[in-house]
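# Analysis of the macromolecular model
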Amino acid sequence: MSNQRFSSCIEACLDCAQACEHCAEACLGEKDVKKMADCIRTDRDCATLCWSTAALMSRDSQFSAKACELLAEVCEACAKECGQHDMDHCQECATACKKCAAECREMAGVKA
């Protein structure tokens, strides 16, 4: 890891990205996929931003704090969406998103 001061936030972003990717894929296998459309979309947006934000922090980009600020907002939205569904993959994703949002807010110096 090129920048140790971001290590816990990067780890939370990577964990969240993986949880979101898994959740979106699992949602595609649910009986009522149409009902899961917003969850899938939000998961995909969150995962994409998680991967990108982790990359920015890994290279100590000047945009890391701004990216984390936006990601915290997206993670909160994803946690809210996933939290509405009883499936384990949605609940696990919501938990990962909440942790990532907290780490990103701390890194960016933004209050909840």
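Scroll up to find the structure.
Report follows, based on the coordinates. No experiment lies behind these values; they were computed from the predicted model shown.

## Details of the pattern of salt bridges
Taken as a whole, this structure holds two salt bridges when the rule is applied. A salt bridge links Arg-105 to Glu-76; the nearest nitrogen and oxygen atoms lie 3.0 Å apart. Highlighted residues: Arg-105 in helix α4 (residues 88–108) and Glu-76 in helix α3 (residues 64–83), separated in sequence by 29 residues. Judged by relative accessible area, which is 34%, Glu-76 ranks as partly exposed.

## Concerning the packing of helix α2 (residues 37–58) against α3
Orientation of α2 relative to α3, taken along the N-to-C sense of each, is 155°, at an axis distance of 9 Å. In terms of orientation, α2 lies roughly antiparallel with respect to α3. Handedness of the crossing formed by α2 with α3: left-handed. In this structure, α2 contributes Asp-38, Cys-39, Thr-42, Asp-43, Asp-45, Cys-46, Leu-49, Cys-50, Thr-53, Leu-56 and Met-57 to the contact, and α3 contributes Ser-64, Ala-67, Cys-68, Leu-70, Leu-71, Val-74, Cys-75, Ala-77, Cys-78, Glu-81 and Cys-82. Looking at the contact of α2 with α3 residue by residue, the classes come out as 15 nonpolar, three polar and four charged.

## Overview of the environment of Cys-104
Tracing the backbone through its elements, the reader meets Cys-104 in helix α4. In the structure, Cys-104 is positioned 23 residues away from Glu-81 in sequence and 19 Å away in space, judged by C-alpha atoms. Setting aside anything within four residues of it in sequence, one finds Cys-104 in contact with Cys-9, Cys-13, Cys-68, Leu-71 and Ala-72.

Definitions and limits used
- Residues numbered from 1 in each chain as written.
- Predicted model: local features only at pLDDT ≥ 70, side-chain atom pairs only at ≥ 80, totals over all residues.
- Heavy atoms only, no water.
- Salt bridge = Lys/Arg side-chain N within 4 Å of Asp/Glu carboxyl O.
- Helix = DSSP H or I, 4+ residues; strand = E, 2+ residues; numbered from the N terminus.
- Buried < 20%, exposed > 50% of the residue type's maximum accessible area, 1.4 Å probe, protein only.
- Axes fitted to C-alpha atoms, helices over the stretch in contact; angles between N-to-C directions.
- Parallel < 35°, antiparallel > 145°, perpendicular 65-115°, else oblique.
- Left-handed = near helix turned anticlockwise from the far one by under 90°.
- Contact = heavy atoms within 4.5 Å.
- Nonpolar A, V, L, I, M, F, W, Y, C, P; charged D, E, K, R; others polar.

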